[in-house]
Every structure is written in C-alpha cells, then in structure tokens.
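# Observations on the three-dimensional arrangement
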Amino acid sequence: MTEIRHDWHRGEIEALLTRPFHDLLYEAQSVHRAHFDPNAIQVSTLLSIKTGACPEDCKYCPQSGHYNTSLERQKLLQVEKVLEEARAAKAIGATRFCMGAAWKHPSAKDMPYVIEMVKGVRAMGLETCMTLGRLNPQQANDLAEAGLDYYNHNLDTSPEYYSSIITTRTYAERLETLGHVRDAGMKICAGGILGMGESVNDRAGLLQQLANLPVHPESVPINMLVRVKGTPLENVDDLDPLEFVRTVATARILMPHSRVRLAAGREQMSDELQAMTFFAGANSIFYGQRLLTTPNPESDHDHLLFKRLGMHPEQREEFDDSTLDAAIHENLHSQRVSELAVDAAAH
Ligand code: SAM
Ligand code: DTB
Ligand code: SF4
C-alpha cells in the first residue's frame, strides 16, 4: 500500500510534475490500480441554483458581477425546480448531484431553501454536494445535519498566484471554510483550475496545499480553464494538454485514496486526451450537457467514450435503510445506556 503523506515539499512535487512523462504515468497508474477499479468512473451532475451577479472578482469566472460576460443572471431556483433537475440527472445515471451558487457566502434567508434542496435530493438516493462560497461553522453544521455529503470549495491555484486571480477574498479564508466543513463531518471536494497562466511551480503549490491538508479531500476536481468572453482570462495562452495530464497524474500519486475529477474543460478536449487523463488516474467526471453556465459533452457521447475504453460508471453503494435503522437503533441504545449510568451514579 502507498504511504499516505501530508508533509510534501514543493520541490518534491515539482520533481514529480517534471519527471519523464512515461515514468510519471506508470507510477500514477500503479498507485491508481492499488486503490481503485481502474475501469470505474464516478459521475456527478452539476446544476447552477443561483446564477451570475457574484460580488467576487475571480478572473476566470463568467458569473462574476465585475465583468461583462453577457450571462443571464438568475435568482435562487425554487426547491421543486431543483428536485426536478436532480430526478433528470438520476435518470441519466448520475450518482451525485452538485448544486452551485454564485455567492460570496449564503445568506441567512437563503439557508432554509438550500437545506430543503439537500433533503429532497438525498431522499432520491443521490449523493449531495453543494458549493455556495464561504461558510461559517453554524452554516456548515446546518448543512451537515440536513444530510449534505460533500462541500465543494476550490483553492484554485497556489497561494502566491492567488492574488493575481482573485482580490476579493483570501486563501486563508478558503482554508478556514474547508476546516469548518471538516469539523462539521462533511466530505471535502477541493481542487483548482489549470491554464490560467500559472507556472509549474504554481501547479505544484496548489497540489501541495491539497495534499498537506490534515485529511486529503475525498474529491479533487482538476478544471481546465474554460475561457469565457468578457472575463480577464479570455485570451490567456493555451496550456500544453500534456501538462494537464501530468498534474492529474501527480494528484493521483499524492492523494492515492481521493477521487480525482477531470472537471471543467472536457468539451474542449479530444476523447484521446480524456482517455490519457483517465490513465493518469482521473476517476470522476461532471456528466450531463451543462457544467454551471458553460457546455459539457452530451451524456450519449460520454457513454460511447466509456464503451470505447471499456469503462463503466461507478454505482453508488446502495443506500440501505436497514443499515441506517440499525445505526439509529444502536445510537439510541448507547444513549439510553449512558442515561442509565448517569441515573445510577446519581443514586
Ligand atoms: N461561488 C462559489 C465559489 O466560488 O466558491 C461556488 C461556485 S464557483 C463557480 C465553483 C468553482 O468553479 C470555482 O471555484 C472554480 O474553481 C470553478 N470555475 C469557475 N469558472 C470556471 C471556468 N471558467 N473554468 C474552469 N473552472 C471554473
Ligand atoms: C469544480 O471544481 N468545477 C465545477 C464545480 N466544481 C462547481 C464548476 C465548473 C464551472 C465551469 C464554468 C461554468 O460552467 O460556469
Ligand atoms: Fe463568484 Fe464563485 Fe464565480 Fe468566484 S468562482 S465569481 S465566487 S461564482
């Protein structure tokens, strides 16, 4: 079994990223096979539940209110509309439903609605994920209590490059939210974006931050920048696709148990590049014709690609009510036992 480390130095990671390509891919595929079925892929569907007019100034984002991207803004969707979209995602085979909002943080008045969304999606037997911006500890606890499985909060790039991309929030605040998510008992989805003009050292810095978290994120989305007209990054140079593959392979080696997601940017990638990324250890994708506001490959196309590669979508471990009932029973039982012990001590 691979050693799980949380003390990576930047230089070690940069050395992995710049190894001879085949040596890197061979190691990544070996680590991958030691921990996962190499032919299974986890599929999540995204829905934008509140679109555009975001107060943050993330230079990559079509939803920032600071840029003119001709995106139609939309206020928080009705709970029933979200559940309808979740049903449709389940019908095409998604096992996780990720709801994203263009907020700096959720407001007190919106929390009851997002909580209803979590409960409703969960009741369908889908895993739930949300990305709503910064959370305070109470909001993290409330979401966890509602049954939210994953919270997505990306670090996006290295700490040094961060201020060239975003000025309205800090890296430290992002890490703080991830801490609240963990403390509340939820799983973490955290990754970044490549192709924003960053250096190899910045890509190493992003991976270092993720891999040195106290517990590795269960899900690590690696996005290729989707260049959107009107954003400050619309004309940034193309990243060499092999650098993208190298970053995925390195993420796989650093975080052997995490699902590494080939996230945004698949619409602009060839099938062959995607296949190489899966070989490098990516085992999760966003699935369905839309990301949040930009296009994603059609599900039929993805099915065909899976077929050509002999891959299959990973089934969710069946949500088993009897296990849940047993756990609740066990919990009540031990609570009762400790109450009796307290009673006995009092007499
Ligand atoms: N507003 C919340 C936040 O930023 O935390 C949640 C939604 S935000 C759209 C979720 C993530 O999408 C961002 O952290 C970023 O990594 C990714 N993203 C946004 N625009 C993108 C783009 N043009 N290309 C690739 N990824 C992008
Ligand atoms: C993540 O890492 N990528 C997703 C999800 N988490 C929320 C978002 C990608 C957004 C791409 C641009 C858009 O469609 O607006
Ligand atoms: Fe707002 Fe999130 Fe887009 Fe940044 S990435 S502008 S926080 S929606």
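Keep in mind the model is a prediction, meaning the values are calculated, not measured.

Before going further, it helps to examine the pattern of salt bridges. Across all of its chains, the model carries 23 salt bridges by this definition. In this structure, the salt-bridge partner of Glu-12 is Arg-5, at a minimum N-O distance of 3.0 Å. What makes Glu-12 partly exposed here is its relative accessible area of 29%. Between Glu-80 and Arg-87 there is a salt bridge; the shortest N-O distance is 3.5 Å.

What follows covers the site of ligand 1. Near ligand 1 you find 20 residues, and of these Tyr-60, Asn-154, Asp-156, Arg-174 and Val-226 are the closest. Taking Asn-154, its side chain carries an N or O atom lying 2.9 Å from an oxygen atom of ligand 1. Note that an oxygen atom of ligand 1 is positioned 2.8 Å from one of the side-chain N or O atoms of Asp-156. Its free accessible area being 560 Å², ligand 1 has 91% of it covered by the protein chains. Tallied by class, the residues present in the shell around ligand 1 amount to 11 nonpolar, six polar and three charged.

Once that is clear, we can look at the site of ligand 3. Residues in contact with ligand 3, as listed here, are Cys-54, Glu-56, Cys-58, Tyr-60, Cys-61, Ser-64, Ala-102 and Arg-169. Split into classes, the residues belonging to the shell around ligand 3 amount to five nonpolar, one polar and two charged.

What follows is about the side chain of Thr-69. Within the secondary structure, Thr-69 sits in the loop between strand E1 (40–50) and helix H3 (79–91). At 2.7 Å, the side chain of Thr-69 forms a polar contact with the backbone oxygen of Pro-62.

On to the packing of helix H1 (residues 10–17) against helix H9 (residues 241–254), then. H9 packs onto H1 with a crossing angle of 130° between their chain directions and a minimal axis gap of 9 Å. It follows from the interaxial angle that H1 and H9 lie oblique. Crossing angle aside, the handedness with which H1 passes H9 is right-handed. Facing H1, whose interface residues are Ile-13, Leu-16 and Leu-17, H9 presents Arg-246, Thr-247, Thr-250, Ile-253 and Leu-254. In the contact of H1 with H9, the residues fall into five nonpolar, two polar and one charged.

Turning our attention to the nonpolar core. Among the nonpolar cores identified, the biggest contains 90 residues, and Ile-49, Tyr-60, Phe-97, Met-130, Leu-132, Leu-143 and Phe-244 are the most heavily contacted of them. Considering every element that reaches this core, the biggest residue donor is H9, with seven residues. Setting aside its immediate chain neighbours within four residues, Tyr-60 contacts Asp-156, Ile-165, Ile-166, Arg-169, Ile-193, Met-196, Leu-225, Val-226, Thr-231 and Leu-233. Among the nonpolar cores identified, the runner-up in size contains 10 residues, and Cys-98, Tyr-150, Ala-263 and Ala-264 belong to it.

What follows is about the environment of Met-276. Its location among the elements puts Met-276 in helix H10 (residues 271–279). In sequence terms Met-276 and Ala-249 are 27 residues apart; their C-alpha atoms lie 9.9 Å from each other.

Let us look at the side chain of Arg-10. With respect to the helices, strands and loops of the structure, Arg-10 is situated in helix H1. Among the residues examined, Arg-10 registers a relative accessible area of 18% and is labelled buried.

Positive phi outside glycine occurs at Ser-70, with the angle close to 50°. By the secondary structure assignment, Ser-70 is in the loop between E1 and H3. Ser-70 gets classed as exposed once you look at its relative accessible area, which sits at 73%. Even without a glycine there, the phi angle at Asp-156 is positive, about 70°. When you line up the elements, Asp-156 lands in the loop between strand E4 (150–152) and helix H6 (159–165). Residue classification places Asp-156 among the buried positions, given a relative accessible area of 2%.

Rules used in this analysis
- Residues numbered from 1 in each chain as written.
- Chains lettered and ligands numbered in written order.
- Predicted model: local features only at pLDDT ≥ 70, side-chain atom pairs only at ≥ 80, totals over all residues.
- Heavy atoms only, no water.
- Salt bridge = Lys/Arg side-chain N within 4 Å of Asp/Glu carboxyl O.
- Buried < 20%, exposed > 50% of the residue type's maximum accessible area, 1.4 Å probe, protein only.
- Near = heavy atom within 4 Å.
- Polar contact = N/O pair within 3.5 Å; in protein donor to acceptor, adjacent residues only side chain to side chain.
- Areas by Shrake-Rupley, 256 points an atom, 1.4 Å probe, with all protein chains shown as cover.
- Nonpolar A, V, L, I, M, F, W, Y, C, P; charged D, E, K, R; others polar.
- Helix = DSSP H or I, 4+ residues; strand = E, 2+ residues; numbered from the N terminus.
- Axes fitted to C-alpha atoms, helices over the stretch in contact; angles between N-to-C directions.
- Parallel < 35°, antiparallel > 145°, perpendicular 65-115°, else oblique.
- Left-handed = near helix turned anticlockwise from the far one by under 90°.
- Contact = heavy atoms within 4.5 Å.
- Core = buried A, V, L, I, M, F, W, Y, C linked by side-chain atoms within 4.5 Å.

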